[in-house]
Amino acid sequence: MPGPLRALAAALALAAAVTATACTPVPTAQPESAPPNHPAAVGLVDESPFWVDPQSDASRQVAAWEAQGRNSDAQVLRRISDRPMALWGPGDDPGPEIRRARESARAAGRTLVLTAYNIPYRDCGQHSAGGAGDATAYRSWIGAFADNIADAKALVVLEPDAVPHIVDGCTQAGHHEERLRLLSEAIDRLKRNKNTKVYLDAGNPAWIPDPMKLVEPLYKAGLERADGFSLNVSNFQPSAAGREYGAVISKATKGKHFVIDTSRNGDGPLRGDRSQAWCNPPGRALGTPPTVETGDPLVDAYLWIKRPGESDGTCRGGPPAGKWWPDYALGLARRSTD
């Protein structure tokens, strides 16, 4: 390993102790009980350019708790409901949800943040297994995804985990060429929309400790024609580690910029438990609220790509991946300092 990368690896050693994939099952345990309420978040002001979904699960939960008289909990949960989060396009037909979001964002004068997550053989058959049935189905799906964005201002995070799973060997070798081709085609299709920016996912520093291993597959997947790459999607790595890691990839990719998911990294990753530390870990907190004011010229935005409060999978008593878990959401919000 070259000297600069060896230094980076040492700097990230603590973060690298946390794995990013689910290879070793652990016994299911109940989530830890939440700490006492922090002072409730009053009058949150979102100064980002991104759309806040008025129909999110968090918004519905706030309304339900207010109706039940749980006003203190509802107010704390506004730390999630009143902030922008990515909309993940449904795997069957993304059209209706994207159209709803597009019209709402247009009326508010905001930019959509969307996640495309439907690549065939997704997540190697683990908690978020699924995806389009084959290449033809995926092409149709991503076409509908792009068509329904139309000319709206949008930022799309493209296929979390798809490239890192090639690098770590989780995705079978026989699927690599097709996956890279589909990602490249998806970038081209999305970029036909004049106001759509595309960020191809590149995992996180605890997953692939040597970032240079990602450069070639990212290029084969069309990174050169994308606006940049995304880091830390659905993970808990500190933003500082992400900035260092992303800077290495950026330097090797002719200065590509990147975005970082800060939705749940307020207290960093869970320490000690190296298996499934990425899956509904207890004691975590919301991170930096979405913003384009990052203080780093390479970081285009901090985003909440993972929707805080949605489960990572059926671990630690959680519901299936992607399902709303109000108690976990409340814990994230209570531990937040923003």
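To be clear, the structure that these remarks concern was listed above.
A quick note: this is a predicted structure, and the numbers were derived from the prediction, not measured.

Caption draft 1: Looking closely at the packing of helix α2 (residues 57-67) against helix α3 (residues 71-81). Running from N to C, α2 and α3 point in directions that differ by 170°, and their axes come no closer than 8 Å. Considered as vectors, α2 and α3 are oriented roughly antiparallel to each other. As α2 runs across α3, the sense of the crossing is left-handed. When α2 is examined against α3, the residues A58, S59, Q61, V62, W65 and E66 are found in contact with a partner set consisting of N71, D73, A74, L77, R78, I80 and S81.

Caption draft 2: Up close: the nonpolar core. One finds Y138, I142, F145, L158, L190 and L200 to be the most contacted residues of the largest nonpolar core, which totals 47 residues. The biggest single contributor to this core is helix α5 (residues 135-149), with 7 residues. Filtering out sequence-adjacent residues up to four positions away, L200 remains in contact with L158, V163, L183, I187, L218, A221, L223, G228, F229 and S230. Within the second largest apolar cluster, 18 residues are counted, among which are A74, I80, F236 and A333.

Caption draft 3: Expanded view of the pattern of salt bridges. All told, the structure shown has 21 salt bridges when counted by the stated rule. A salt bridge links E177 to R181, with the nearest nitrogen and oxygen atoms 3.9 Å apart. Residue E177 and its partner R181 are located together in helix α7 (residues 176-191), separated by 4 residues, close to a single helical turn. Judged by its relative accessible area of 61%, E177 is exposed. You can call R181 partly exposed: its relative accessible area is 35%. K254 is the partner of E224 in a salt bridge, and the nearest nitrogen-oxygen pair spans 3.7 Å. With E224 in the loop between α8 (212-220) and β5 (228-231) and K254 in the loop between α9 (239-252) and β6 (257-261), this pair connects stretches of sequence that are 30 residues apart. The partly exposed category is assigned to E224, whose relative accessible area is 48%. A relative accessible area of 70% means that K254 is categorised as exposed. The network of salt bridges with shared partners includes D53, E97, R100, R307 and E310.

Caption draft 4: Representation of the state of the cysteines within the structure. Here the structure, examined in full by the defined rule, presents 2 disulfides. The side chain of C124 participates in a disulfide bridge whose partner is C170; the two sulfur atoms lie 2.3 Å from each other. In this pair, C124 is assigned in the loop between β2 (112-116) and α5 and C170 in the loop between α6 (162-167) and α7, connecting sequence segments 46 residues apart. Overall, C124 belongs to the partly exposed group, its relative accessible area being 24%.

Conventions adopted
Residues numbered from 1 in each chain as written. Predicted model: local features only at pLDDT ≥ 70, side-chain atom pairs only at ≥ 80, totals over all residues. Heavy atoms only, no water. Axes fitted to C-alpha atoms, helices over the stretch in contact; angles between N-to-C directions. Helix = DSSP H or I, 4+ residues; strand = E, 2+ residues; numbered from the N terminus. Parallel < 35°, antiparallel > 145°, perpendicular 65-115°, else oblique. Left-handed = near helix turned anticlockwise from the far one by under 90°. Contact = heavy atoms within 4.5 Å. Core = buried A, V, L, I, M, F, W, Y, C linked by side-chain atoms within 4.5 Å. Buried < 20%, exposed > 50% of the residue type's maximum accessible area, 1.4 Å probe, protein only. Salt bridge = Lys/Arg side-chain N within 4 Å of Asp/Glu carboxyl O. Disulfide = S-S within 2.5 Å.

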